[in-house]
Amino acid sequence: MRWSKSHLFTLKDAPNDAEIPSHKLMARAGMIKKVAPGIYTYGNLALRALRKFENIIRQELDKRGCQEVLMPMVHPAELWQETNRWKEMGDGLLKFKNRNGHDFCLGATHEEVITDYVRKDVKSYRDLPANLYQIQTKYRDEIRPRFGLMRGREFIMKDAYSFDTDEKAALVSYDLMYDAYKAIFDRLGLEYRIVEADAGNIGGSKTNEFQVLADAGEDHLMVCDTCDFAANIEVAPALIKTEKATGAALPMEAFPTPNLKSIGSLSKSLGIPENKLVKTMFFSANDGTDAANPPSKDLKAVAICLAGDDEVNPVKLKNVLGMSNPPLMLTDEEVKKTTGAWPGSCGPVGLTIPVYFDSAIEGFQNFIVGANRDAEHLKNVNIGRDFKVTKFADLRMAKPGHSCPSCQAAGRKGVYKSYRGIEVGHVFYLGTKYSKSMGATYLTQEGQPLPIEMGCYGIGVSRTVQAAIEQSHDADGIVWPHGITPFDVHMVVLDPDQEEVRQSAEVLYRELQTRGLDVFMDDRAERPGVKFKDADLLGFPIRVNIGGRGLKEGIVEMIPRKTKAMEKVKAEEATEKVLELMQLIRAGKLPAAPAKTTGAAAGAKA
Ligand code: ATP
Ligand code: MG
């Protein structure tokens, strides 16, 4: 591609809504242009990276026997009504009517459509397994689209679905996709972790997320410092040794605590560390998923007790309560109505609602809690004697320094470290949730009809391309991973007005392309400094500076984007040298940068 003939415009400054480096860089490199919040036009460079990534995905999936299909983006409401997700997905699903008044939505995911497709064909066990995938545009009406392609409303996803006769076979399909995802993300050269994730109430039990490690990530991860264990904080087990109660239970006593409404002020005033105090919080166990059944109608209030310095983990709580969504906290008024006191003076004693107790404080004895009377607390409170616990469970957020469950089981000493992650992939064993509700059955060898066992597997294609930039850039611009770089070589033609330079550049441009490289040539009539800056911004793996002065000495300059270590090579050997360097880059064997070489300085000498 010749820049002089391309629709490519780089920007000096990023748009105001670009908060994170990768979004800024993609916008500045002219890769994406916002059409509406969360909706973008992909420029040619972005599309090239997307297509390369899609091809890596295709290769790894096809190799494993998966088949590519393409489903519609517009779905009739009836299919989504069969699984009740027309209601459950709420406003995330963009719904509309056609001219005949029929309801439709834009595809946010394709379990319904693919299950419908498969149920029409599959008759018996002989027709299974099937593993189908597509690479397609999705639409989700995200509440807060942001970070460019990271959380778009319209985005490209690879979604795959497996269909098997039984759980055992479905888990084989799951493992196959798990391996495919590893191969795909390994080929990108990204630093990522496979993490334990929330399986929710979707039916199945097994799920993993593929998370690219980056500070800008929206997900919070607990990653073991010793072994491979990693978990989304939503589900990361919080293991701490709980002390067993050994002493005698003292008589319970009320005492006044005016103005002591927070754990912090209570701790300060009483001189007791926060982690020795017990706080009580209140939630509604009513899912309230539709307008006829809002949580406020039937609160189903529950109390949660945990150590003063711990935080409730809403996903763990959701799972313990058997809900579909994380429970809502009661409002102050609802707490007052439930307990008789305003928040800050509440506790488990005397409540008639279920009390869930965090396992970390199972062994607490003679502790302090709110009295359920304003400005009063109780001391020497004891479990069992003073109130009943409905269930002890791990309800708190894990913290860095907590033991890794895998290490603990193996007698190792690994502990959590905290990371941010970008969820780029998700594998999910679904069980029969969709096949049951949609009547997708097959006949066993004995002629018995059974629901098909399913799995679903997503990769955020557009999100991953941006995640790659988020992880691989420097102060000057993008540093493309070679696997998805829009171009391999960036030729900077320094004196395009000189005929000899133009001709030599043309020869090299064609030779490199003939040898299989994707070549970008900056042949614009711009100053060298402008071109070098743009080359750094666009970030293709190898830059070649070709100019009048260099050619007089018979040389061109070759500069790997990553290290910026300039090498002068003979002009007639340039093609071979670039190919050699590309091979090193692809093999991950690029030598480290020598000190103090900068791209601009290297280029200025040409
Ligand atoms: P998230 O938790 O980030 O909202 P999700 O768990 O809802 O994502 P899945 O249904 O698992 O997403 O979709 C599969 C993949 O699609 C995700 O792993 C992610 O990479 C990508 N993806 C999901 N939502 C978006 C979005 N709004 N913009 C870009 N990519 C997305
Ligand atoms: Mg997900």
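Residues numbered from 1 in each chain as written. Chains lettered and ligands numbered in written order. Predicted model: local features only at pLDDT ≥ 70, side-chain atom pairs only at ≥ 80, totals over all residues. Heavy atoms only, no water.

**Looking at the side chain of Arg396**
Line of reasoning, step 1. Assignment of secondary structure puts Arg396 in the loop between strand S20 (391-393) and helix H10 (405-410).
Line of reasoning, step 2. Only 2.4 Å separates the side chain of Arg396 from the backbone oxygen of Ala238, close enough to count as a polar contact.
Line of reasoning, step 3. Sequence-distant contacts of Arg396, defined by excluding residues within four places in its chain, comprise Ala238, Leu239, Ile240, Leu306, Asp310, Glu311, Asn313, Lys316, Asp358, Ser359 and Ala360. (Helix = DSSP H or I, 4+ residues; strand = E, 2+ residues; numbered from the N terminus. Polar contact = N/O pair within 3.5 Å; in protein donor to acceptor, adjacent residues only side chain to side chain. Contact = heavy atoms within 4.5 Å.)

**Digging into the site of ligand 1**
Line of reasoning, step 1. Contacts to ligand 1 come from 14 residues, most closely from Arg140, Glu142, Arg151, Gly152 and Glu423.
Line of reasoning, step 2. Between ligand 1 and Arg140, the relevant distance is 2.9 Å, taken from an oxygen atom to a side-chain nitrogen or oxygen of the residue.
Line of reasoning, step 3. Between Val424 and ligand 1, the recorded distance is 3.3 Å, taken from a backbone N or O atom to an oxygen atom.
Line of reasoning, step 4. When residues of the shell around ligand 1 are traced back to their parent elements, those giving at least two are strand S8 (154-164) and strand S21 (416-431).
Line of reasoning, step 5. Examining the composition of the shell around ligand 1, we find that four residues originate from one element, S21, more than from any other.
Line of reasoning, step 6. Classifying every residue of the shell around ligand 1 by side-chain character gives five nonpolar, four polar and five charged. (Near = heavy atom within 4 Å. Nonpolar A, V, L, I, M, F, W, Y, C, P; charged D, E, K, R; others polar.)

**Points about the pattern of salt bridges**
Line of reasoning, step 1. Tallied over the full model, the rule gives 42 salt bridges.
Line of reasoning, step 2. Measuring nitrogen to oxygen at the nearest pair gives 2.8 Å for the salt bridge that ties Arg119 to Asp116. With Arg119 and Asp116 both in helix H5 (residues 111-121), this residue pair falls three residues apart, about one helical turn.
Line of reasoning, step 3. Given the relative accessible area of 12%, Asp116 is considered buried.
Line of reasoning, step 4. Its salt-bridge partner being Asp310, residue Lys399 comes within 3.0 Å of it at the nearest N-O pair. Taken together, the residues span a long stretch of sequence, with Lys399 in the loop between S20 and H10 and Asp310 in the loop between strand S15 (301-307) and helix H8 (314-321) at a distance of 89 residues.
Line of reasoning, step 5. For Asp310, a relative accessible area of 4% corresponds to the buried category. (Salt bridge = Lys/Arg side-chain N within 4 Å of Asp/Glu carboxyl O. Buried < 20%, exposed > 50% of the residue type's maximum accessible area, 1.4 Å probe, protein only.)

**Things to note about the domain arrangement of the chain**
For an interface, size is often stated in terms of accessible area lost upon the parts coming together.
Line of reasoning, step 1. With domains assigned, the chain is organised as domain 1 (42-219 + 421-470), domain 2 (253-393) and domain 3 (487-587).
Line of reasoning, step 2. Distance from the C-alpha centre of domain 2 to the C-alpha centre of domain 3: 66 Å. (Domains from an automatic or database assignment.)

**Remarks on the packing of helix H2 (residues 44-63) against helix H12 (residues 461-471)**
Line of reasoning, step 1. At a minimum axis separation of 10 Å, H2 and H12 run at an interaxial angle of 110 degrees. One finds that H2 runs roughly perpendicular with respect to H12. Judged by the twist between their axes, the crossing of H2 over H12 is right-handed. Contacts from Ala49, Leu50, Phe53, Glu54 and Ile57 in H2 reach Val461, Ser462, Thr464 and Val465 in H12.
Line of reasoning, step 2. Here the residues of the contact of H2 with H12 sort into six nonpolar, two polar and one charged. (Axes fitted to C-alpha atoms, helices over the stretch in contact; angles between N-to-C directions. Parallel < 35°, antiparallel > 145°, perpendicular 65-115°, else oblique. Left-handed = near helix turned anticlockwise from the far one by under 90°.)

**Focus: the sheet that holds strand S27 (residues 489-493)**
Picture the strands of a sheet paired through backbone hydrogen bonds; they go either parallel or antiparallel.
Line of reasoning, step 1. Read from one edge of the open sheet, five strands run S28-S27-S29-S30-S31, paired in mixed fashion. Looking at strand neighbours, the two that pair on one side only are strand S28 (519-522) and strand S31 (567-570), the edges of this open sheet. The mean angle between the axes of side-by-side strands here comes to 25 degrees, regardless of whether they run parallel or antiparallel.
Line of reasoning, step 2. Alignment of strand S30 (residues 555-560) against S31, held across four bridges, turns out to be antiparallel. (Pairing = 2+ DSSP bridges.)

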